[in-house]
Structures are given as structure tokens and as C-alpha cells.
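One letter stands for each residue in the lines below.
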Amino acid sequence: AQTVTQSQPEMSVQEAETVTLSCTYDTSESDYYLFWYKQPPSRQMILVIRQEAYKQQNATENRFSVNFQKAAKSFSLKISDSQLGDAAMYFCAYRSRTSGTYKYIFGTGTRLKVLA
Amino acid sequence: DGGITQSPKYLFRKEGQNVTLSCEQNLNHDAMYWYRQDPGQGLRLIYYSQIVNDFQKGDIAEGYSVSREKKESFPLTVTSAQKNPTAFYLCASRNQGHNEQFFGPGTRLTVL
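Quick notes on the rules
- Residue positions within a chain follow its written sequence, with the count starting from 1.
- Think of it this way: whatever chain is written first is A, whatever ligand is written first is 1, and the rest follow in order.
- Local features are withheld for residues below a pLDDT of 70 in this predicted model, meaning they are given only at 70 or higher, and side-chain atom pairs are given and counted only at 80 or more; totals for whole chains, interfaces and linings count all residues.
- Each side-chain value is derived from all of the structure's non-hydrogen atoms; neither hydrogens nor water enter the calculation.
- Any two residues having at least one pair of non-hydrogen atoms within 4.5 Å are treated as being in contact.
- Throughout, buried area stands for the accessible area (probe radius 1.4 Å) lost by two parts on being put together, summed over both.
- The working definition used for a salt bridge is a side-chain nitrogen of Lys or Arg within 4 Å of a carboxyl oxygen of Asp or Glu.
- Two N or O atoms form a polar contact when they lie within 3.5 Å of each other; inside protein one atom must be a possible hydrogen donor and the other a possible acceptor, and for residues adjacent in sequence the pair counts only when both atoms belong to side chains.
- The way it works is that DSSP assigns letters per residue, a run of H or I at least four long becomes a helix, a run of E at least two long becomes a strand, and they are numbered from the N terminus.
- Classes in brief: Ala, Val, Leu, Ile, Met, Phe, Trp, Tyr, Cys and Pro nonpolar; Asp, Glu, Lys and Arg charged; the others, Gly included, polar.
- Disulfide assignment relies on a single distance test, namely cysteine sulfur atoms paired within 2.5 Å.
- Buried means the residue's accessible area, taken with a 1.4 Å probe over protein chains only, is under 20% of the maximum for its type, while exposed means over 50%, and partly exposed covers the values in between.

K.L.:
Please clarify how the interface of chain A and chain B should be interpreted in this entry.
P.N.:
Taken together, the contact pairs 19 residues of chain A with 22 residues of chain B. Buried surface at the junction of chain A and chain B, both sides included, amounts to about 1,800 Å², of which 52% is carbon and sulfur. Its largest share of buried area at the contact with chain B, chain A owes to Arg43(A), Tyr102(A) and Tyr104(A), together 32% of the area lost on that side. The tally of links between chain A and chain B comes to two salt bridges. Residue Glu100(B) pairs with Arg50(A) through a salt bridge whose shortest N-O separation is 2.8 Å. Counting every contact that joins chain A to chain B gives seven residue pairs in polar contact (both at pLDDT 80 or more). Secondary structure elements with two or more residues in the side of chain A that touches chain B: strand S5 (32-39), strand S6 (46-52), strand S10 (88-96) and strand S11 (104-106) of chain A. Of the residues forming the side of chain A that touches chain B, the biggest block, four residues, is contributed by S5(A). For the side of chain A that touches chain B, the residue count by class is nine nonpolar, five polar and five charged.

Structure follows, in C-alpha cells:
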């Protein structure tokens, strides 16, 4: 069975600085999707970024980028120029591309605090 | 506006009572999901449905039931058999052929 691990329960970053959130996963599959979701205090889950495992290029979305290391099964999220609005819980998630597989597996989350 | 609605935002029930959480989407998505979120445990899958009149158990289905009579609706019933029902419940949907899920605002259930 696949697992997703976020080993940092809490992180802090100074406003305008850069922070990296870690995520590792375990799978025997070669084709899958990886996601980072943000959950602000409102508790509304918002997709931040996604990565297809078959793509070697790391995904980027404005100030958010990932470092996808397939062999190491690592999928970290880098937030540049951190803003107060980035303060939230961040969840890493995995989904298989195997036909008929529709389940998403989430990590336990990292709480990011942004210091003014 | 297209989206997913969950109602109510907060729900209180007495122990031993069944309670139904609503989830409606107007995104025309085929798949719908129910998750439970507890502190320090991330999101855990309760049930999911790929098409109308079909659904599958997730990892923690015991004590819960669902129905999918309409494409836009996927209600979750928390039964008295659920040992620890107090939690935050999230509903999500996904369009077939697409990868990401879209989430509703959630319902906080407190059983007294």
C-alpha cells in the first residue's frame, strides 16, 4: 500500500523569505500524480500545485515550486517570497495512475507560520 | 458560481443519533469523495463514488453510509455505530479524466 509522510508538523518562515516543506512517499508504482494542497484557517482545501510522475520537469506555479526526486520518492514544496497569506496547513497527496484506482492518499500535514 | 457546498457548517448531535451531512456540487463532476479530518491525522477516506448509483468503501467506512442517487449529490450518514464521530468532514469531487479534487468548505460535527 502507498503511504505519504510529512515529517515536519510545523515550520516557520519570515515574511519575504523562502521555505521548503518536505514530503516523502512510498509506492511500487511508476506512474502516479503528486499534489500539494493548502488549508488556511477557513479550512477550505485549495490545490497549490501538482506533478505528474512521468514528467521530469519540476512543476511551478508563481511563487510555488516543487523539487520532485522520483528515485528518492521525495516531493518537496518551495515557497518563495513568503507572504502572510501563505500561513496554513499544507498537505501532500498521492494518487495512482493505475486504471481503476481513484483513491488519494494524504500526508498528516505541515503547519506553516509566517512571521511578520 | 460553480462549486461544492456542504451544509451545515457546524452540526451538533446527541450520542446515539444518526446524522446526515449534505454535499452538493454543480460542477458536473462524475466522482465524489468523503473524508474525515482529525488533528494530526490528515485526511482519511470514508467513501467515494465514481458514478451515480455506485460507491466504494474507503479506509474508514465503518459506522458510515452513503448514497449516490443523483450526480450532483453525495450525502453521508454518520450512524450510531461510529465510535468517535466528532470530527471535521470534507466532501470533494473530481471530473473524470482530470487529476485534482475540488473540495467543499467542510462540516464540523460535534457529538455530545
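K.L.:
Is there a simple way to think about the state of the cysteines in this case?
P.N.:
One way to say it: the disulfide is the covalent bond shared by the sulfur atoms of two cysteines. Inspection of every chain in the model, using the stated rule, returns two disulfides over all chains. Each disulfide pairs two cysteine sulfurs, and for Cys23(A) the partner residue is Cys92(A), the sulfurs being separated by 2.0 Å. Judged by the sign of its S-S torsion, about -70°, the bond between Cys23(A) and Cys92(A) is left-handed. Here the residue Cys23(A) occupies a position in the loop between strand S3 (19-21) and strand S4 (24-26), and Cys92(A) occupies one in strand S10, the gap between them amounting to 69 residues. Each member of the pair, Cys23(A) together with Cys92(A), is buried. A disulfide bridge connects Cys23(B) with Cys91(B), and the sulfur atoms are separated by 1.9 Å. Taking the sign of the S-S torsion, about -75° here, the bridge from Cys23(B) to Cys91(B) comes out left-handed. Taken as a pair, Cys23(B) in strand S3 (residues 19-25) and Cys91(B) in strand S9 (residues 87-94) lie far apart in primary sequence, 68 residues in all. In terms of burial, Cys23(B) and Cys91(B) fall into one category: buried.

Note that every value here comes from positions in space, so none of it alone points to a role or purpose.
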